[in-house]
Amino acid sequence: MIEDKGIATNQYLTFFLDEDLFALDIASVREVLDYTNITRIPKTPEFMRGVINLRGKAVPVVDLRLKFGMGETERTVNTCIIIVEVEIDGEKTIMGALADSVQEVFELDPETIEPPPKLGTKIRSDFIKGMGKYNDKFIIILDINKVFSVEELSLVQDVQGENKEQIVQCEESEV
């Protein structure tokens with residue numbers, strides 16, 4: 001059974017990266033947005049695509065495909081930004097993750113979740129909470145709190161703080 005801070009959840013949001021089906025614990029997902037323009041931030045890692053304006057707040061957006069070595073996410077009609085809550089040293093921060101397409105929310109019986117494989121996946125096994133099976137498909141259940149290092153997440157927090165004013169200024173100049 002997968003537990004996060006003593007709270008067991010069985011609901012997952014599924015999404016595609018390339019041809020692989022991934023899932024996030026619904027407790028870490030705040031919302032799903034259609035693709036929107038992303039403001040690029042200079043001198044940030046390649047996987048950090050920039051920031052978006054989410055109701056007046058600068059929210060960093062990362063490209064999970066780049067993080068996992070799959071190549072850059074291309075914008076299509078199905079491309080979405082999944083807004084997730086990530087914990088950094090006990091502090092929660094909000095960030096967006098690009099997905100090729102979002103599928104559905106579903107419940108997964110904890111007995112059907114296997115431990116992460118040691119070999120045979122494109123991504124590091126410590127990023128994986130487990131492997132679920134749903135409708136004869138294997139689903140890679142990500143541990144979003146482990147996908148990024150503390151240094152990378154600190155950079156996300158820095159980007160949020162430094163660029164909030166720039167986004168507001170850009171929007172005011174567009175009006």
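Fair warning: this is a prediction, and the values are worked out from it, not measured in the lab.

*Asks:* What's the story with the overall build of the protein in this structure? I'm lost.
*Replies:* Broken down by element type, the protein carries 3 helices and 12 strands. Considering the protein as a whole, with its 175 residues, one finds that 46% of them fall into the buried category. Long-range contacts, defined here as pairs at least 24 residues apart, represent 57% of the contacts in the protein between residues at least 6 apart. Entry remark: accessible area of the protein is about 9,800 Å², with carbon and sulfur atoms responsible for 46%.

*Asks:* Please clarify how the nonpolar core should be interpreted in this entry.
*Replies:* Among soluble globular proteins, nonpolar side chains are generally buried collectively. Counting residues in each nonpolar core, the largest one holds 30 residues, and the members touching the most others are Phe15, Phe22, Leu64, Phe68, Leu142 and Phe148. Looking at this core, the elements with two or more residues in it are strand S3 (11-17), strand S4 (20-25), helix H1 (64-67), strand S8 (80-88), strand S9 (91-99), strand S11 (128-134), strand S12 (137-142) and helix H2 (144-147). Residue contributions to this core peak at 4 residues, all from S8. What Leu142 contacts, discounting residues up to four positions off in sequence, is Phe15, Phe22, Ala23, Leu24, Leu64, Phe68, Ile123, Phe127 and Lys129.

*Asks:* Can you help me understand the environment of Leu13 in this one?
*Replies:* One can find Leu13 in strand S3. Leu13 gets classed as buried once you look at its relative accessible area, which sits at 4%. For the pair Leu13 and Ile26, spaced 13 residues apart in sequence, the C-alpha to C-alpha distance is 5.8 Å. When sequence neighbours within four positions are dropped, the list of residues in contact with Leu13 reads Phe22, Ala23, Leu24, Ile26, Val29, Val32, Ile82, Val102, Glu104 and Val105.

*Asks:* Just checking my understanding: could you explain the confidence of the model for the protein for this structure?
*Replies:* The predicted structure's coordinates, where accompanied by low pLDDT, should not be read in detail. Summary statistics for the protein give a mean pLDDT of 83 and a share of 82% for residues scoring 70 or more. Per-element confidence in the protein ranges from a low mean pLDDT of 44 for strand S1 (residues 3-4) to a high of 96 for strand S5 (residues 29-34). Every residue in residues 1-7 is under pLDDT 50, and counting partners more than four places away or in other chains gives 9 contacts.

*Asks:* Would you mind going over the pattern of salt bridges with me for this structure?
*Replies:* Close approach of charged atoms allows side chains with opposite charge to pair. Counted under the stated rule, the structure contains 8 salt bridges. Across the salt bridge formed by Arg55 and Glu31, the nearest N and O atoms sit 2.4 Å from each other. With a gap of 24 residues between them, Arg55 in the loop between strand S6 (48-54) and strand S7 (57-63) and Glu31 in strand S5 connect regions that are remote in the sequence. When salt bridges with common partners are traced through the structure, they connect Arg30, Glu85 and Lys92 into a single cluster.

*Asks:* Just to check I follow, could you spell out the sheet that holds S3 for this structure?
*Replies:* Note on sheets: strands pair through backbone hydrogen bonds, and any given pair is parallel or antiparallel. Ordered in space as S10-S3-S4-S12-S11, the 5 strands form an open sheet in which the pairing is mixed. Every other strand in the sheet has two partners, leaving strand S10 (101-107) and S11 as the edge strands with one partner each. Direction aside, neighbouring strands of the sheet carry axes that sit 30° apart on average. Both S4 and S12 contribute to a ladder of 2 bridges, which runs parallel. Bridging from a neighbouring strand, Phe22 pairs with Ile140 of S12.

*Asks:* Explain the side chain of Asp25 here, please?
*Replies:* Its location among the elements puts Asp25 in strand S4. One polar contact links the side chain of Asp25 to the main-chain amide nitrogen of Ala27, over a distance of 3.0 Å.

*Asks:* So what exactly am I meant to see when it comes to the pairing of S11 here?
*Replies:* If a strand is regular, its side chains alternate between the two faces of the sheet. As paired strands, S11 and S12 are joined by 6 bridges and run antiparallel to one another. Paired with Gly130 across the two strands is Ile141, which belongs to S12. Between S11 and S12, which follow one another and run antiparallel, lie 2 residues, and Asn135 among them has a positive phi close to 50°.

Parameters at a glance
- Residues numbered from 1 in each chain as written.
- Predicted model: local features only at pLDDT ≥ 70, side-chain atom pairs only at ≥ 80, totals over all residues.
- Heavy atoms only, no water.
- Helix = DSSP H or I, 4+ residues; strand = E, 2+ residues; numbered from the N terminus.
- Buried < 20%, exposed > 50% of the residue type's maximum accessible area, 1.4 Å probe, protein only.
- Contact = heavy atoms within 4.5 Å.
- Areas by Shrake-Rupley, 256 points an atom, 1.4 Å probe, with all protein chains shown as cover.
- Core = buried A, V, L, I, M, F, W, Y, C linked by side-chain atoms within 4.5 Å.
- pLDDT = per-residue confidence, 0-100.
- Salt bridge = Lys/Arg side-chain N within 4 Å of Asp/Glu carboxyl O.
- Pairing = 2+ DSSP bridges.
- Axes fitted to C-alpha atoms, helices over the stretch in contact; angles between N-to-C directions.
- Polar contact = N/O pair within 3.5 Å; in protein donor to acceptor, adjacent residues only side chain to side chain.

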